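# Secondary and tertiary structure notes
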Amino acid sequence: MEQPTLIGEWMQISILGSGSFGTVSLWRHQRTSESVAIKKCKYMKPSALSAKQTQRWHMEVEFLKSVDHPNIIKYKSLDPILDNIINKYNPTNLPLLSMEYCTKGNLRRYLTNEPVKLCGLPESDVRMIIRDISEGLSYLHKKNITHRDVKPDNIVLQDSPTRKGSTVYKLIDLGYAKELQDSTLSFVGTLHYLAPEIFYNQDYDYRVDYWSMGTMVFEIICGVLPFLPEFTPFHKYEKIKNKDLNDICIFLNNSGSVSNSTEIKKENFVTSCFKQNMEIWLRKVLQMDPGNRKFSNNLSAFDYLKYILDKKIIQVFSVFKLEFYSYEVNDSTQFGTLKDWISRDIKIPKSDLHFLFRYQTVPNQSNDKSYEIIHCNDDRTLLQYLICHETVILYVYKEDSMLHDKCFSPKLPNLLKDIFNNSNFPLKYLKRVYRLALFYIYSSCRAKETFECAYLSLIQHIQSQCEKVKNQYIKATSEFRQLLEDVHIFNQKLKEDKLNGNIQGHLNNIPEFGECLKYGTRIISNLERRQANLNLFGKQYKMLEAKKLSISEIGKYAAEVFAKCNILSQFEICNNKGFLQLPKNGDSSDIVLKPIRDVISETLKLECNLYLKETKLKDSSRDFCVISKFSEDLLFWVDDFVDNIQKLSIEFGVVRASYDKIVSEAMKTKKLDFVLNLNTKETEELIKENEVLRCRFIDLLSQRMAAHKDFVEAAQDYLDLN
């Protein structure tokens, strides 16, 4: 009798997967939408399982109950009703394994859901997978547990809206996991990821997870396994046994012979800095002898991975050469130092280079298209932007030219050239050719889109600079005129006070008055000079406005050109599971390879039109960096002008306040002189008048004091009576 698909309010939605002796089904609560994945033994009687298989099943359930880590699948207690009914249809009586449901499937499915992943994953994905899985394995090792079966099939993807990339990666299938004290040997794990010591049935420890992790990391970076996946297990491990200590890859070359390499394959989507760091790590963990899988300072393989992942890497795109570069930076890195590195690598003097940062202003909203373009100055440290914005690209322009005359030369791998030149091309290399074609077209698409962003970003930057210059010019003119008017009024007052006979004599006796006169004269002289500078700036500003109009027209034309160069459409044609048809009997290589030839040819044609034939685009953009530099110089000048005017205005306010104080003091002196110069009769009358007023005040005060005394005595009598 079949197990029901509806139990209480729980409904079986689907079968998620089936292994050698277990089936995982998805159940969802109809009212709450809560989901749970339930693994149940698929055999119909207990005798169908060996003692080893039964032990493994129990071990997996117990391990899952005992661990608690965000990167390891979580055990979930079952609703008693659901547990009871399903167990009625569980003849082996092995315990059900109930787990959280991870909505995005496993890593194997993710690696195979589109052909371009034959060349590996983007660096952002690689970093998240490495960080999550290494932290999960590190947790297990600290609990003295080794996983023993690390592979893409045993990593699931859970949705996480709060995380960049929206995915958390988790380890599953702890059935092979074991306590490290248990010395029992068992042939476990998938052969492609299996550590040599297990394959050769030798003693092993937690370092088998280093090997498996290293194999998987190579695969997610390159899209292929590191060690001869075409060979039988025995033949493959014999080749691994004989590899050099630093070899991390063994592959069949185009001639059919076996080659070893100490490097990651060139066809990948990670930065050169990250690639070099991961090669150092892989050379350690992919050692045949587990005793050599060690790092300095007693770091574990996972500690060293964290050290790599915590490094800051900035990506650089040379617009002039259409090339990508990357550099490690830290808190003390100065932009001038980075300039030196870039100048060295692209072989252009740094005095001829122009730099822009471009980053998304709302990085957590993937649909937001608002970007900010920032010109880089030597006095800014890189970390200002890198700490706040994880994904930053630095565009590097050559001052006198947008593109090198020889920037575009098709760099087709020899194997791709052969499909055009060899009419009897061997179809055994078909998958390798397809992989190279995908990588070439994707790389061409990325270079074109980055060049487009760099080109339009420079236009946007110039237009933004022009607008800032305009606003500052208006502000400078307004503040200058206001200060000029204030100074003119003050100067008039100085002249009037100088001619005022009543206080002139007193002002001349105050030393600060002479200083005020000198300062007022100096301010006027300063402003007259700045008036001439501002007039000259106005002429330069008009020149910039004229250039801005021409740049806007170029920008519209450029947008149309970039839209026509639709390399992305060729990539979408090629990156399709139905694109490559396997050869049928009688098919010639010409027929089979025609679709690949067509997309490569069209990509080359589009690139040639954009980079070589669009002379109007190249010629009109030659002065962009010069105009940008001109606008930045004008903005610097007008900013400095406004700053100086504001400082001058503050200083003038101090002078004006000082002068007002001087005049006030002079007026007091004049009033005192007036009193001291009165004749004797007038003075006596004033004294008598003051004496009369003083006597009246004393009489009034005596009356008030007497009244107060009477009130106090009356209040005391009242208190005594009561």
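### Brief notes about the overall build of the protein
The secondary structure content of the protein amounts to 20 helices and 16 strands. When each of the 722 residues of the protein is scored for burial, the buried share is 45%. The long-range share in the protein, meaning contacts at least 24 apart out of those at least 6 apart in sequence, stands at 71%. Carbon and sulfur atoms make up 52% of the accessible area of the protein, which amounts to about 38,300 Å² in all.

### Some remarks on the environment of isoleucine 573
By secondary structure assignment, the location of isoleucine 573 is in helix α16 (residues 567-574). The class for isoleucine 573 is partly exposed, based on a relative accessible area of 42%. Note: C-alpha distance between isoleucine 573 and valine 599 (26 residues apart in sequence) is 7.8 Å. Non-local contacts of isoleucine 573, meaning those with residues more than four positions away in its chain, are made with Phe579 and Val599.

### Quick look at helix α7 (residues 233-241)
Every α-helix carries 3.6 residues per turn, so stepping three or four residues along brings you back to the same face. Residues of α7 that are buried: Lys236, Tyr237 and Ile240. The buried residues of α7 all sit within an arc of 95 degrees when viewed along its axis, so they share a single face. Looking at the packing, one finds that the buried side of α7 touches α5 (196-199), α6 (208-222) and β10 (249-252).

### So, the pairing of strand β12 (residues 312-318)
Counting buried positions along β12 gives five out of seven residues, so the element sits mostly inside the fold. Pairing analysis gives seven bridges linking β12 to strand β13 (residues 323-329), with the strands arranged antiparallel. Bridge pairing in β13 places lysine 312 opposite valine 329. Sheet topology places β12 next to strand β16 (residues 393-398); four bridges connect them, and they run parallel. Paired with valine 316 across the two strands is leucine 394, which belongs to β16.

### A few points about a nonpolar patch on the surface
A cluster of nonpolar residues, Leu6, Met11 and Ile13, forms a patch on the protein surface that exposes about 240 Å² of accessible area. Residue position: isoleucine 13 is located in strand β2 (residues 10-18). With a relative accessible area of 41%, isoleucine 13 lands in the partly exposed category.

### What to know about the sheet that holds strand β1 (residues 6-7)
A sheet is described by the order of its strands in space; here five strands give the open sequence β1-β2-β3-β4-β5, paired in antiparallel fashion. The open sheet terminates on both sides in strands that have one partner only, identified here as β1 and β5 (97-99). The pairing of β2 with strand β3 (residues 22-29) spans seven bridges and is classified as antiparallel. The residue of β3 that forms the bridge with tryptophan 10 is histidine 29.

### Side note on unusual backbone geometry
Even without being glycine, asparagine 93 reaches a positive phi, approximately 60 degrees. Of note, asparagine 93 is situated in the loop between α2 (80-88) and β5. Overall, the relative accessible area of 62% leaves asparagine 93 in the exposed class. Positive phi, close to 60 degrees, is recorded for asparagine 201, a residue that is not glycine. Within the secondary structure layout, asparagine 201 lies in the loop between α5 and α6. Taking relative accessible area as the criterion, asparagine 201 reaches 53% and is therefore assigned exposed.

### Overview of the pattern of salt bridges
Applying the stated criterion to the full structure yields 29 salt bridges. Linking glutamate 9 and arginine 31 is a salt bridge whose minimum nitrogen-to-oxygen distance equals 3.3 Å. With glutamate 9 in the loop between β1 and β2 and arginine 31 in the loop between β3 and β4 (35-41), the pair connects residues that are 22 residues apart, well separated along the chain. Since its relative accessible area comes to 35%, glutamate 9 is described here as partly exposed. Arginine 31 sits in the exposed class, given a relative accessible area of 59%.

### Quick look at the confidence of the model for the protein
With 80% of its residues at a pLDDT of 70 or more, the protein has an overall mean of 81. Per-element averaging of pLDDT across the protein places strand β9 (residues 178-179) at the bottom with 52 and α6 at the top with 97. Below pLDDT 50 for its whole length, residues 180-187 participates in 21 contacts with residues either more than four positions away or in separate chains. This stretch, residues 363-369, has a pLDDT under 50; its non-local contacts, to residues over four places away or in other chains, come to six contacts.

### Some words on the packing of helix α12 (residues 414-421) against helix α17 (residues 589-613)
One can describe the packing of α12 onto α17 by two numbers: an axis separation of 10 Å at closest approach and a directional angle of 110 degrees. Here α12 lies roughly perpendicular to α17, going by the angle between them. At the point where α12 passes α17, the crossing takes the left-handed sense. Residues Leu416, Ile419 and Phe420 of α12 touch α17, and the partners they reach there are Leu593, Ile596, Arg597, Ile600 and Ser601. For the contact of α12 with α17, the residue count by class is six nonpolar, one polar and one charged.

Calculation notes
Within any chain, residue numbers begin from 1 and follow the written order of that chain's sequence. Residue-level local features of this predicted model are given only where pLDDT is at least 70; pairs of side-chain atoms are given and counted only at 80 or more, and the full residue set underlies all totals for whole chains, interfaces and linings. Processing note: side-chain calculations cover all non-hydrogen atoms of the structure and skip hydrogens and water entirely. Secondary structure elements follow DSSP: runs of H or I of four or more residues count as helices, runs of E of two or more count as strands, with numbering from the N terminus. Burial here depends on accessible area, computed with a 1.4 Å probe over protein chains only, as a share of the maximum for the residue type. Under 20% is buried, over 50% is exposed, and the range in between is partly exposed. Residue contacts are defined here by distance: any two heavy atoms, one from each residue, within 4.5 Å place the two residues in contact. In these tables, accessible area is a Shrake-Rupley quantity obtained with a 1.4 Å probe, and a residue counts as shielded only by the protein chains included in the view. For this quantity, the arc is that covered by the directions from the helix axis to the C-beta atoms. Criterion used throughout: strands pair if DSSP finds at least two bridges between them. Patches in this entry comprise residues that are over 30% relatively accessible and not in a salt bridge; like charges within 9 Å are linked, as are nonpolar side chains (Val, Leu, Ile, Met, Phe, Trp, Tyr) within 5 Å. Here, a salt bridge means any Lys or Arg side-chain nitrogen found within 4 Å of an Asp or Glu carboxyl oxygen. Per residue, pLDDT captures the predictor's confidence, and it can take any value from 0 to 100. Each axis is a line fitted through C-alpha atoms, and for a helix only the stretch in contact is used; angles between axes span 0 to 180 degrees, taken between their N-to-C directions. Angles below 35 degrees are treated as roughly parallel, those above 145 as roughly antiparallel, those between 65 and 115 as roughly perpendicular, and all remaining angles as oblique. Less than a right angle of anticlockwise turn of the near helix away from the far helix marks a crossing as left-handed, whereas a clockwise turn marks it as right-handed. In this classification, Asp, Glu, Lys and Arg are treated as charged, Ala, Val, Leu, Ile, Met, Phe, Trp, Tyr, Cys and Pro as nonpolar, and every other residue, Gly included, as polar.

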